[in-house]
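This is what each chain is made of:
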Amino acid sequence: MKDGFGREINYLRISVTDKCNLRCQYCMPSQGVDYMPHEAVLTLEEIYRVVRIMESLGVRKLRFTGGEPLVRKNLVKLIGDVNGLAGIRDIAMTTNGVLLKAKIDALKDAGLKRVNISLDTHDKKVFERITGYDGLNCVLESIDAALEREIQVKLNCVPCRELNASEIETLAALAQEKDVDVRFIELMPIGCGKEFHGISSEEILERLERRYGIAKRAPDAKKSETAQYYLFEGFRGRVGFISPMSHKFCSACNRVRLTVEGRLKLCLHYDNGVELKPLLREGRSDDEIRKCIVEAVKQKPRAHAFSENQIEEKEDQRKMVQIGG
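What you see is a predicted model, and the numbers here were worked out from it, not measured in a lab. (Residues numbered from 1 in each chain as written. Predicted model: local features only at pLDDT ≥ 70, side-chain atom pairs only at ≥ 80, totals over all residues. Heavy atoms only, no water.)

Draft legend 1. Up close: the overall build of the protein. In terms of regular secondary structure, the protein is built from 11 helices and 12 strands. Relative to the 2.2 N^0.38 estimate, which gives 20 Å for 325 residues, the radius of gyration of the protein is 19 Å and therefore close to what a compact globule would have. Projecting the C-alpha coordinates of the protein onto the three principal axes gives extents of approximately 60 × 45 × 40 Å. Burial analysis of the protein (325 residues in total) assigns 56% to the buried set. When the accessible area of the protein is evaluated, it comes to approximately 14,700 Å², of which 47% is carbon and sulfur surface. Of the charged side chains in the protein, 53 are positive and 49 negative; the average position of the first set lies 3 Å away from that of the second. (Helix = DSSP H or I, 4+ residues; strand = E, 2+ residues; numbered from the N terminus. Rg over C-alpha atoms; globule rule 2.2 N^0.38 Å. Buried < 20%, exposed > 50% of the residue type's maximum accessible area, 1.4 Å probe, protein only. Areas by Shrake-Rupley, 256 points an atom, 1.4 Å probe, with all protein chains shown as cover. Lys, Arg positive; Asp, Glu negative; His and termini not counted. Charge placed at Lys NZ, Arg CZ, Asp CG, Glu CD.)

Take a look at the structure:
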């Protein structure tokens, strides 16, 4: 399945809930958001059907997101079900890690291979200030639990000048101590993120080289890899940079998103896509839904326009927790 610019779309990110047990300041207001009513959210059976149809179109890689995906009941069963599809080769999850340790064995058995854990600080007080919850120890224990079960771990940090600017070097040191990748993600101006100021990848790399010595570029990964990785002497893991603002990687984009309410979202920036929920609930055939997906993917935008410093007519105005990362 290819879009209108010849990019092969083989990666589906699935938001299974708009609920979250944390209140990270750059993602969700402290008072929370108005959650979608139960009937507006795709059922697990509907999600499975969409995955099965998209697997027939060439989707090979899945990532479950939220909100916080682990607050969705019976998610483990869904992961096990999609893992049984012959074409699905990789199943990952993005989580805040608070609930991960308690479910790690079941997730491993279901087929989870990789996990990205959001971690913006290694300081207990700063963690509570950013997230509204005293949960740093839970997250650190989850990291170790995943590593013990040979699940690949990547740690995602969003550097903000107002929140965690002093934490960069300490967070990177986790890749020195553990076999994890620590990745710094440039803040995107979505929802609450517009209220903060991100730190560029170049500035972070300069700071890390002052502390840990000259970094070497890791061997190039897949063309569709969004992160650029570096190796520091004495580190067990890598340090990565995801730079959607300073270095667009849209030309190699291979993904689309399924939102919690059933929209096939073509680009994180824009509010366009195709509504699959009505098709699922009107009794449309797999072939009809497959045709709608193929036609929608052809309309995938060439690139986002976050760096243009202007409000786009079709820009998605929701919070990140509502969109699905």
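Still to come is the rest of the account.
Draft legend 2. Geometry of the pairing of strand 6 (residues 181-185). When you tally the buried positions in strand 6, you get five out of five residues, the bulk of the element. Taking every second residue as pointing to the same face, both faces of strand 6 are buried, with Asp181, Arg183 and Ile185 on one and Val182 and Phe184 on the other. Examined bridge by bridge, strand 5 (residues 152-157) and strand 6 share four bridges and lie parallel to one another. Bridging across to strand 6, Leu155 finds its partner in Val182. (Pairing = 2+ DSSP bridges.)

Draft legend 3. Up close: the nonpolar core. With 95 residues, the main nonpolar core has Leu12, Phe184, Leu208 and Ile293 as its most contacted residues. In terms of residues, this core owes the most to one element, helix 1 (residues 44-56), which gives six residues. Among residues more than four places away in sequence, those in contact with Leu12 are Val51, Met54, Val59, Lys61, Leu62, Arg63, Val256, Arg257, Leu258 and Leu264. (Core = buried A, V, L, I, M, F, W, Y, C linked by side-chain atoms within 4.5 Å. Contact = heavy atoms within 4.5 Å.)

Draft legend 4. Local environment of the pairing of strand 3 (residues 90-95). Burial analysis of strand 3 places six of its six residues in the buried class, which makes it a mostly covered element. In strand 3, alternate side chains face the same way, and those of Asp90, Ala92 and Thr94 on one face and Ile91, Met93 and Thr95 on the other are all buried. Running through helix 2 (residues 75-83), the crossover from strand 2 (residues 61-65) to the neighbouring parallel element strand 3 is right-handed. One ladder, built from four bridges, connects strand 3 with strand 4 (residues 114-118); its direction is parallel. Residue pairing in the sheet places Ala92 in a bridge with Arg114 of strand 4. Running through helix 3 (residues 100-110), the crossover from strand 3 to the neighbouring parallel element strand 4 is right-handed. (Right-handed = clockwise from strand over helix to strand, strands pointing away.)

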